Amino acid sequence: MEKTVISTDQQDVLDAVESMTLAFNSKDIEGVMSSYRAGALVIFEPENPVTDHNQLREMFLGAFTISPKFEYPQGHEVFVNGDVATHIAPWVMTGTAPDGTEIKQSGLSVANLEKQFNGTWLLTFDNPHGSYLMSK
């Protein structure tokens, strides 16, 4: 089996995405919010972008009510061009609704990140519904 070699920047981007995912899965709102640059655009539902910090926070807190667990079973693609990067990955999310109903969803995440002056990568655009148009 051939092993893929990735650059330090690609690994740092992947680490940033995995850190945000771990915070989300752990219901760590501060960890989630610190993964995003101020003014970041998140698409919680297709065709409904959100950029307001307070609204983003409330949307994430609302999502925590189903105890979501995100996984990327098919891996990740990370492309870096200078101080900007794109992360693409199919995902699967499982959770449990407050009434006990099991939830399972899947999709394609397309996210952009920007390298900060201190070297960290922050999400600037996060669309977990990257395959939406294909199902229309």
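Everything that follows concerns the structure shown earlier in this document.
My aim in this report is to walk through the structure given alongside it, one point at a time. (Residues numbered from 1 in each chain as written. Predicted model: local features only at pLDDT ≥ 70, side-chain atom pairs only at ≥ 80, totals over all residues. Heavy atoms only, no water.)

## With respect to the overall build of the chain
How we decide: Only runs of H or I of at least four residues qualify as helices and only runs of E of at least two qualify as strands under DSSP, and these elements are numbered from the N terminus. As a reference, a globule follows 2.2 Å times the number of residues to the power 0.38, and the radius of gyration itself is taken over C-alpha atoms. Using a 1.4 Å probe on the protein chains alone, a residue whose accessible area is under 20% of its type maximum counts as buried, one over 50% counts as exposed, and one in between counts as partly exposed. In this analysis, two residues are considered to be in contact whenever any of their non-hydrogen atoms come within 4.5 Å of each other.
Along the chain, the regular secondary structure elements total 3 helices and 7 strands. Reading the helices (α) and strands (β) of the chain from amino to carboxyl end gives α-α-β-β-α-β-β-β-β-β. The C-alpha radius of gyration computed for the chain amounts to 15 Å, which stays within 12% of the reference 14 Å derived for 136 residues, consistent with globular compactness. The buried share of the chain, taken over its 136 residues, is 34%. Excluding contacts between residues fewer than 6 apart, the proportion of contacts in the chain whose partners are at least 24 apart in sequence is 49%.

## Section: the packing of aromatic side chains
Our working rule: Pairing of aromatic rings covers Phe, Tyr and Trp, the last through its six-membered ring, and needs centres within 6.5 Å; plane angles under 30 degrees mean stacked, over 60 mean edge-to-face, and all others mean tilted.
Summed over the entire model, instances satisfying the criterion amount to 6 aromatic pairs. Taking 5.5 Å as the distance between ring centres and 65° as the angle between the ring planes, the aromatic pair formed by Phe24 and Phe64 counts as edge-to-face. With Phe24 in helix H1 (residues 8–25) and Phe64 in the loop between helix H3 (53–63) and strand S3 (69–71), this pair connects stretches of sequence that are 40 residues apart. An identical accessibility class is assigned to Phe24 and Phe64; each is buried. Pairing Tyr36 with Phe60 gives two aromatic rings, centres 5.7 Å apart and planes at 40°, and the pair type is tilted. Taken together, the residues span a long stretch of sequence, with Tyr36 in strand S1 (residues 36–45) and Phe60 in helix H3 at a distance of 24 residues. Just as Tyr36 is buried, Phe60 falls in that class too.

## Considering the pattern of salt bridges
Close approach of charged atoms allows side chains of opposite charge to pair. The line we're drawing: Counted as salt bridges are all cases of a side-chain nitrogen of Lys or Arg within 4 Å of a carboxyl oxygen of Asp or Glu.
Following the criterion strictly, the structure yields 3 salt bridges and no others. Measuring nitrogen to oxygen at the nearest pair gives 2.3 Å for the salt bridge that ties Arg57 to Glu30. In this pair, Arg57 is assigned in helix H3 and Glu30 in helix H2 (residues 29–33), connecting sequence segments 27 residues apart. Overall, Arg57 belongs to the partly exposed group, its relative accessible area being 22%. By relative accessible area, Glu30 is classed as partly exposed at 47%. Across the pair Glu114 and Arg37 runs a salt bridge, and its minimum N-O distance is 3.1 Å. Remark: Arg37 occurs in strand S1 and Glu114 occurs in strand S6 (residues 102–115); sequence separation between them is 77 residues.

## Side note on unusual backbone geometry
Its identity as a non-glycine residue notwithstanding, Lys27 has a phi of 60°, on the positive side. By secondary structure assignment, the location of Lys27 is in the loop between H1 and H2.

## A word on the nonpolar core
Applied cut-off: Nonpolar cores are built from buried Ala, Val, Leu, Ile, Met, Phe, Trp, Tyr and Cys residues. Side-chain atoms within 4.5 Å join them into one set.
In this structure, Met20, Val32, Tyr36, Phe60 and Leu113 are the most contacted members of the largest nonpolar core, which totals 29 residues. Those elements that provide at least two residues to this core are H1, H2, S1, H3, strand S5 (84–96), S6 and strand S7 (121–127). Beyond its immediate chain neighbours, meaning those up to four positions away, Leu113 contacts Val13, Ala16, Val17, Asp83, Val84, Ala85, His87, Trp121, Leu122, Leu123 and Thr124.

Everything listed here is a matter of geometry and, on its own, says nothing about what the molecule does.
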